[in-house]
Amino acid sequence: MSTNPPNLRPDIAPAAKIGDRPRPGQPTIGMVSLGCPKALVDSERILTRLRAEGYGISPDYAGADAVIVNTCGFLDSAKAESLEAIGEALTENGRVIVTGCLGAEPDYIREHHPRILAVTGPHQYEQVLDAVHAAVPPAPDPFIDLLPAQQVSLTPRHYSYLKISEGCNHKCKFCIIPDMRGRLVSRPAHAVIREAERLVENGVRELLVISQDTSAYGVDIKHAEDRGHRAHITDLARDLGSLGAWVRLHYVYPYPHVRQLIPLMAEGLVLPYLDIPFQHAHPDTLKRMARPAAASKTLDEIVAWRAVCPDITLRSTFIVGYPGETEAEFQTLLDWLDEAQLDRVGCFQYENVAGARSNALPDHVAPEVKQERWERFMEKAQAISEAKLAAKVGQRLEVIVDEVDAEAATCRTKADAPEIDGNLFIDGGFEALSVGDIVTVEVDEAGEYDLWGRVV
């Protein structure tokens, strides 16, 4: 049992969990999946296609005929992590195919690792399959392979990410995701609902809706309606809420129409949880980021959301030390956080990223100043979290069980997303619980990020 403070790198997905070992003689592929949950979904799709073609999936390097490394290019530190993972796969296995966001820079990758077999970009599923076929020809068993494969899941059985769109239409100066993944491309609503229905039928108790800009879902296809489902985030949330699973919304920009989601949360159709990337609060900083600069109006929106749904949990990420950020601008951010009282907060220190327009901005902040501001920001965020959790002592909450070991059951409340938020631990009378159970607990202790309770 361990406590789980908020992950300060919200671009990182939960570690992939690969289960069954392949049958003897079966061609096998390993997968290293880095980056955000959107990349994890890409990894699941690639492995699902490969399994349908008769490939086995190896949980380790030694058992794989080749290894796919799905990379991240979100920050320079993430690029370095991807290069390190590629190097490890080459050392441990030797036959490596690279895909994902960093794959949009093949020359950069080959400069560091010339021995890789192939490089493909983000969500280029066919090219990845072609590279696998060339490296490890398929050898299906006609009696047990080539059947419609159940989707490979790299998350625990009881929750799953549900990607509703690719790309982004924003042009934030610090971000190169639109350059790597392109403009917004929404999936048809009926296809999203069909996938969600299948997941729930297979035992998924929680659907985590993800995209680069969830609240813009359907804009590119003019909110088309097809087979009884309309491609608009409000309609989609309502439809998903009818399936009987928890529905959690991530990466929601605070457009005006987001207020239409709040009554659905108050009704219990979707979880009262919004993950909104505010990034900063000072209007001048936001303008230099090329983001909407109405932080004061955002505070009004937060008040309105809480009036409709008092139990709503608000999560966000911020950047400190952005080029040109003055002490006064940073203090505005701290004051805004004091007023907003967000429940869950992650924070980056600004980094230059190759290709980002923010690199050319004047007045870059010194590293020691960025570190000092990050520490002050996190100290305030931690104090807010501690006070909010202390107020939950004595309350009865529904939780979902993520893990059961000899010490405790590790659970999450409706206010906690996997890996990036806190946990609720049940360290007595938990022996009858199973992973995926949803039970009611009474909270009897609170920490900075986590809760402890007992089954009612």
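Structure first, text after, so check above.
A short tour of the structure in this document, coming up. Worth saying up front: this structure is predicted, and the values here are computed from it rather than measured.

## A word on the packing of aromatic side chains
Working step 1: Applying the stated rule across the entire model yields nine aromatic pairs.
Working step 2: Ring plane angle 65 degrees and centroid distance 5.2 Å describe the contact between Phe 278 and Trp 336, whose orientation is recorded as edge-to-face. Of this pair, Phe 278 sits in the loop between strand S13 (273–275) and helix H9 (283–289) while Trp 336 is found in helix H11 (residues 327–340), placing the two residues 58 residues apart along the sequence.
Working step 3: Overall, Phe 278 belongs to the buried group, its relative accessible area being 8%.
Working step 4: Three or more aromatic residues link up through ring pairs in this structure, and these residues are Phe 278, Phe 318, Trp 336 and Phe 377.
Working step 5: Sitting over the ring of Tyr 108, Lys 79 keeps its end group 5.8 Å from the ring centre.
Working step 6: Between the NZ or CZ atom of Arg 412 and the centre of the ring of Tyr 159, over which it lies, the distance is 5.4 Å.

## Side note on the sheet that holds strand S1 (residues 28–33)
Working step 1: Spatial strand order, S2-S1-S3-S4-S5: five strands in an open sheet with parallel pairing. Single-partner strands in this sheet number two, and they are strand S2 (56–58) and strand S5 (118–119).
Working step 2: Pairing between S1 and S2: three bridges, direction parallel. The residue of S2 that forms the bridge with Thr 28 is Gly 56.
Working step 3: Sheet strands in contact with helix H4 (residues 125–135) are S1, strand S3 (66–71), strand S4 (96–100) and S5, and its direction is about 180 degrees off that of S4.

## Overview of the pattern of salt bridges
Working step 1: Taken as a whole and assessed by the stated rule, the structure comprises 25 salt bridges.
Working step 2: With its nearest N and O atoms 2.6 Å apart, the salt bridge here joins Asp 42 to Lys 163. Of this pair, Asp 42 sits in helix H1 (residues 37–52) while Lys 163 sits in strand S6 (residues 159–163), and the two are 121 residues apart along the sequence. Lys 163 shares its class with Asp 42; the two are buried.
Working step 3: In this structure, Arg 376 engages Glu 327 in a salt bridge whose closest nitrogen and oxygen atoms are separated by 2.8 Å. Remark: Glu 327 occurs in helix H11 and Arg 376 occurs in helix H12 (residues 367–390); sequence separation between them is 49 residues.
Working step 4: For Arg 376, a relative accessible area of 24% corresponds to the partly exposed category.
Working step 5: Among the residues examined, Glu 327 registers a relative accessible area of 37% and is labelled partly exposed.
Working step 6: Each of Glu 325, Glu 327, Glu 372, Arg 373 and Arg 376 takes part in salt bridges that share partners, so that together they form one network.

## A few points about H11
Working step 1: For H11, with 14 residues, the first-to-last C-alpha span of 20 Å sits near the 20 Å given by 1.5 Å per residue.
Working step 2: For H11, the complete set of buried residues consists of Glu 329, Phe 330, Leu 333, Leu 334, Trp 336, Leu 337 and Ala 340. Angular distribution of buried residues about the axis of H11 spans 160 degrees; they occupy a single face of the element. Along H11, the residues that are exposed and aim more than 90 degrees away from the buried face are Ala 328 and Glu 339.

## Examining the sheet that holds strand S18 (residues 424–426)
Working step 1: If you walk around this closed barrel you meet the five strands as S16-S17-S18-S20-S19, and the pairing is mixed. Direction aside, neighbouring strands of the sheet carry axes that sit 50 degrees apart on average.
Working step 2: Here strand S19 (residues 438–446) runs beside strand S20 (residues 451–455); their pairing, made up of five bridges, is antiparallel. When the sheet's bridge partners are listed, Glu 442 is paired in S20 with Arg 454.

## What about the side chain of Ser 215?
Working step 1: On the secondary structure map, Ser 215 appears in the loop between strand S9 (206–210) and strand S10 (225–226).
Working step 2: A polar contact is formed between the side chain of Ser 215 and the backbone oxygen of Tyr 253, at a distance of 2.8 Å.
Working step 3: Once residues within four sequence positions are removed from consideration, Ser 215 is found in contact with Ile 233, Tyr 251, Val 252, Tyr 253, Tyr 255, His 257 and Val 258.

## Re empty space enclosed by the protein
Working step 1: With the rule as written, the count across this model stands at three cavities of 30 Å³ or more.
Working step 2: When its volume is computed, the largest cavity comes out at roughly 590 Å³.
Working step 3: Lining the largest cavity are 38 residues, and of these Phe 74, Cys 175, Ile 177, Gln 212 and Gln 279 sit closest to its centre.
Working step 4: Secondary structure elements with two or more residues in the lining of the largest cavity: H1, helix H5 (177–181), strand S14 (313–320) and strand S15 (344–349).
Working step 5: By residue number, the principal contributor to the lining of the largest cavity is H5, which donates four residues.
Working step 6: Tallied by class, residues from the lining of the largest cavity come to 21 nonpolar, nine polar and eight charged.

## Focus: the nonpolar core
Working step 1: Counting 52 residues, the largest nonpolar core has Leu 240, Leu 274, Trp 305, Trp 336, Leu 342 and Phe 377 as its most contacted members.
Working step 2: A per-element tally of this core places H11 first, with six residues.
Working step 3: In this structure, Phe 377 is in contact with Phe 318, Val 320, Phe 330, Leu 333, Leu 334, Leu 337, Val 345, Gly 346 and Cys 347, ignoring residues within four places of it in sequence.
Working step 4: Listed in part, the 27 residues of the second largest apolar core include Leu 50, Val 128, Leu 154 and Ile 210.

Parameters and conventions
Residues numbered from 1 in each chain as written. Predicted model: local features only at pLDDT ≥ 70, side-chain atom pairs only at ≥ 80, totals over all residues. Heavy atoms only, no water. Phe/Tyr/Trp six-rings, centres within 6.5 Å; stacked < 30°, edge-to-face > 60°. Helix = DSSP H or I, 4+ residues; strand = E, 2+ residues; numbered from the N terminus. Buried < 20%, exposed > 50% of the residue type's maximum accessible area, 1.4 Å probe, protein only. Lys NZ or Arg CZ within 6 Å of the ring centre and 35° of its normal. Pairing = 2+ DSSP bridges. Contact = heavy atoms within 4.5 Å. Axes fitted to C-alpha atoms, helices over the stretch in contact; angles between N-to-C directions. Salt bridge = Lys/Arg side-chain N within 4 Å of Asp/Glu carboxyl O. Expected span 1.5 Å × (residues − 1). Arc of directions from axis to C-beta. Polar contact = N/O pair within 3.5 Å; in protein donor to acceptor, adjacent residues only side chain to side chain. 1 Å grid on protein atoms, 1.4 Å probe; cavity = no way out; pocket = protein on both sides within 12 Å on 5 of 7 lines; lining within 4 Å. Points joined across faces, edges and corners; volume = space filled by probe spheres on them. Nonpolar A, V, L, I, M, F, W, Y, C, P; charged D, E, K, R; others polar. Core = buried A, V, L, I, M, F, W, Y, C linked by side-chain atoms within 4.5 Å.

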